[in-house]
Amino acid sequence: VPGDPGASWLVQRILAEDPEDRMPPADAGKQLTAAEIETLRRWVEEGAEWRTHWAYEPPVRPDIAPVRNQAWVRNPIDSFVLAKLEAEGLDPAPEADRRTLIRRVSFDLTGLPPSPAELEAFVADAHPDAYERLVDRLLASERWGEHRARYWLDAARYADTHGFHIDAERSLWRWRDWVIGAFNSNLPFDQFTVEQLAGDLLPDPTPEQRIATGFHRNNPTTGEGGLIEEEYLVKYAIDRLDTTATVWLGQTMACAQCHDHKFDPFSQKEFYSFFAYFHNVAESGSDANALVPPPILPAPSAEQILQQTQRKAAVAQAESEFATLSQTLGPQQAVWEAETTATLAALSAAAGTAAVAGLPFELEDAALGADRLAHFDFDLETAGESGRLGGGAVFSGPERIEIANVGDFERDQAFSYGGWIRPRGGNAGQSPIARMDDAAAFRGWDLFLDGARPAAHLIHAWPDDALKVRARQPLPQDRWSHVFVTYDGSSTAAGVGLYVDGHQVEVDVQADQLESTIRTNVATRIGGRTSSAGFTGDADDLRIYGRALSAQDVAELAAGFGVAWERLVPSSATAESATELTVLPDGSVLGGGEVPATDVQTIACRTELTDLNAVRLE
């Protein structure tokens, strides 16, 4: 038989009379027809010429198809369309009217219908190139890029969720906008390709070129608790490999994962060489259901960059103006602050509004009196290194500061507590301050961070005899927040107030039945409960009060003032003793002195009044 011996053997096997030799086997469920067998036999007789699959051959421009009705042809593509119609004995359909034509081309190029004004303008356009100009206008529209990008986003498996497990929300819209912009700017396809696969590897890549690599952050990911990290890292790499092959090569490489590809020129070695490229991403197998799981890249939009630039310029200008003002008012400010601090401290003591306990963390061994604060061996940072208002305390979980004989309140007593905290410990439950006995069904009270949301417990036995309220919004990590709890002694959740940065926040009531004592023999602790909820972060100026502070009291604490200072003025003061104070642009206050009217605000503080309305801006 002429041709390749292997091809001859093919014919012998498909014609074999012995069922053991005949191909395909009987149990394969696939049999060749007589016509198919004859085609194979003739192919072998003619030399069994084997050609590369057409998909791997470079395209060659064909000759223009000949047609009879040359007058109908306007461009070379028309010749191929008409040639097929003529071969089938069909005539071309008549040209659509203009209203139909603009709708068709608008949907094709932008995915949207034309507006009534656009439709009428096209109908009235008498220019011979009206249609071409319409196409040019649609291609120049931003809608063109949005419409074309849809198909690319589908190929890239773009989605607003993770794809696995709880399918949490995902934010990749900046990459989506990059794709739209690439279409609208007619970015060359080779550059479009390079930037999406390796934009971060280009010399001195721009932020936009880094954003382009978001193509391979679109793969489905999971945060399921039982996952094996390395297993999912392999899954992610294979997904990226398969997607790249499908999108850019127009075929799958998946078969070569287990063996050399049978029909395409891909070996198993090449598969895993390609796999290695995608297996070098610095990511975790678990996405933790995060909106933007790491590694992440800050990617402000052009509008946001402009806003940032404007804000930096405004801050620089304000700092310059304040520096100039400080040179004028600085000496007077220092004198007033020293005098006022001493006066308010004395008035506070006289009026009985001082805290039951206060921890400013300014000394290595803090003391509120021998019977109030036990000695502790603890690393306190020096002033200015950690504190919000000076020196602060740094907690890493196991440390506790124990305060004896402070905070031993009953459920029918009003009290308040809290201060400045800077959490650094993620979402685990933590308690910056507590008087709570874990071993006695968590009896006592605390300030608690529940999934980063501040909360307060008053407990006899959890959860059946207890109060709990929790803020609806979480605290920011690694940033100072002033968190305070007030309680009116009513034994109800409605009597618990929760404040963040001086403002009462909305809460969810999670327990509201307190009928028994909350008193416990354990000490009040800073940095955690007796054995649980260790706090990781910084703390400063923590306070405990034997009464329910008002909303204004808490606001003043958060603002850095003493508690209700306007009520500390002796009641015998008269209107004639009113003092004129000066509020600087940074919020500090200056007493007396000559200052430019354009740089300050004046406060008239009439000390005979007994509420904060005594302080008003004029």
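Now for a quick tour of the structure. (Residues numbered from 1 in each chain as written. Predicted model: local features only at pLDDT ≥ 70, side-chain atom pairs only at ≥ 80, totals over all residues. Heavy atoms only, no water.)

The secondary structure content of the chain amounts to 14 helices and 18 strands. Residues classed as buried in the chain amount to 37% of the 618 residues present. The long-range share in the chain, meaning contacts at least 24 apart out of those at least 6 apart in sequence, stands at 62%. Total accessible area on the chain stands at roughly 35100 Å², and carbon and sulfur atoms take up 55% of it. (Helix = DSSP H or I, 4+ residues; strand = E, 2+ residues; numbered from the N terminus. Buried < 20%, exposed > 50% of the residue type's maximum accessible area, 1.4 Å probe, protein only. Contact = heavy atoms within 4.5 Å. Areas by Shrake-Rupley, 256 points an atom, 1.4 Å probe, with all protein chains shown as cover.)

Moving on, we get to the nonpolar core. Counting residues in hydrophobic clusters, the biggest one holds 33 residues, and the most contacted among them are Phe415, Tyr417, Trp445, Leu458 and Val496. The residues touching valine 496, leaving out its near neighbours within four places in the chain, are Ala456, Leu458, Leu467, Val469, Val485, Thr486 and Tyr487. Core analysis: the second largest hydrophobic core is formed by 16 residues, Trp152, Val179, Phe192 and Ala212 among them. (Core = buried A, V, L, I, M, F, W, Y, C linked by side-chain atoms within 4.5 Å.)

By secondary structure assignment, the location of leucine 40 is in helix H2 (residues 34–45). Taking C-alpha positions, leucine 40 is 9.7 Å from serine 8, a pair spaced 32 residues apart along the chain. Residues contacting leucine 40, with those up to four places away along its chain left out, are Leu10, Val11, Ile14 and Leu32.

This part covers helix H3 (residues 76–87). An ideal rise of 1.5 Å per residue puts 16 Å on 12 residues; H3 measures up with 17 Å between its terminal C-alpha atoms. Taken as a whole, H3 has its buried residues at Asp78, Ser79, Leu82, Ala83 and Glu86. Down the axis of H3, the smallest arc covering the buried residues is 135°, so these residues share one side. For H3, the exposed residues lying more than 90 degrees away from the buried face are Ile77, Lys84 and Ala87. The N-terminus of H3 is capped by asparagine 75, whose side-chain oxygen sits 3.0 Å from the backbone nitrogen of isoleucine 77. In the segment just after H3, glycine 89 is the residue with positive phi, at about 75°. (Expected span 1.5 Å × (residues − 1). Arc of directions from axis to C-beta. Polar contact = N/O pair within 3.5 Å; in protein donor to acceptor, adjacent residues only side chain to side chain.)

Following the criterion strictly, the structure yields 22 aromatic pairs and no others. Arranged with centres 4.9 Å apart and planes meeting at 75°, the rings of phenylalanine 271 and tyrosine 272 form a pair that is edge-to-face. Overall, tyrosine 272 belongs to the partly exposed group, its relative accessible area being 35%. By the ring-pair criterion, three or more aromatic residues cluster together here, those being Trp152, Tyr158, Trp175, Trp178, Phe183, Phe189, Phe192, Phe215 and Trp248. Against the face of phenylalanine 215 rests arginine 157, its NZ or CZ located 5.6 Å from the ring centre. We note lysine 235 situated over the ring of tyrosine 232; from NZ or CZ to the ring centre the distance is 5.5 Å. (Phe/Tyr/Trp six-rings, centres within 6.5 Å; stacked < 30°, edge-to-face > 60°. Lys NZ or Arg CZ within 6 Å of the ring centre and 35° of its normal.)

Mapped onto the elements of the fold, threonine 243 is located in helix H11 (residues 229–249). Excluding residues within four positions of it along the chain, threonine 243 makes contact with Ala155, Arg157, Phe215 and His216.

A complete count under the given rule lists 27 salt bridges for this structure. Residue glutamate 283 is joined to arginine 240 by a salt bridge in which the shortest nitrogen-to-oxygen separation is 2.6 Å. Within this pair, whereas glutamate 283 is found in the loop between helix H12 (268–278) and helix H13 (302–351), its partner arginine 240 is found in helix H11, the two being separated by 43 residues in sequence. Judged on exposure class, the residue glutamate 283 and its partner arginine 240 are both buried. If you follow the salt bridges from partner to partner, you end up with Arg422, Arg424, Asp478 and Asp538 in one network. (Salt bridge = Lys/Arg side-chain N within 4 Å of Asp/Glu carboxyl O.)

Moving on: a negative patch on the surface. A grouping of Glu17, Asp18, Glu20 and Asp21 is seen on the molecular surface, where their side chains present a negatively charged patch. One can find aspartate 18 in the loop between helix H1 (5–15) and H2. Residue aspartate 18 is classed as partly exposed on the basis of its relative accessible area, which comes to 39%. (Patch = residues over 30% accessible without salt bridge, like charges linked within 9 Å, V, L, I, M, F, W, Y side chains within 5 Å. Lys, Arg positive; Asp, Glu negative; His and termini not counted. Charge placed at Lys NZ, Arg CZ, Asp CG, Glu CD.)

On to the sheet that holds strand E6 (residues 443–450). Whenever strands of a sheet pair, they do so through backbone hydrogen bonds, lying parallel or antiparallel. Read from one edge of the open sheet, seven strands run E3-E13-E5-E6-E7-E8-E12, paired in antiparallel fashion. The sheet is open, and its two borders are formed by strand E3 (401–403) and strand E12 (507–513), each paired with just one other strand. Pairwise comparison of adjacent strand axes, ignoring direction, gives a mean angle of 15° for this sheet. Bridge analysis of E3 against strand E13 (residues 524–526) gives three bridges, and the strand direction is antiparallel. Note on E13: the bridge partner recorded for isoleucine 401 is isoleucine 526. (Pairing = 2+ DSSP bridges. Axes fitted to C-alpha atoms, helices over the stretch in contact; angles between N-to-C directions.)

Moving on, we come to unusual backbone geometry. Cis geometry marks the peptide bond from methionine 23 to proline 24; its omega dihedral reads -5°. Along the chain, the position of proline 24 falls in the loop between H1 and H2. That bond from proline 294 to proline 295 is cis: its omega, 5°, falls within 30 degrees of zero. Relative to the helices and strands, proline 295 is located in the loop between H12 and H13. Although it is not a glycine, histidine 165 adopts a positive phi angle of roughly 55°. Relative to the helices and strands, histidine 165 resides in the loop between helix H7 (142–155) and helix H8 (173–184). The backbone phi angle of phenylalanine 442 is positive, close to 65°, even though this residue is not glycine. Checked against the element boundaries, phenylalanine 442 lands in the loop between strand E5 (430–437) and E6. Classification of phenylalanine 442 as partly exposed rests on a relative accessible area of 29%.

Everything listed is a geometric property; what it means functionally is a separate question.
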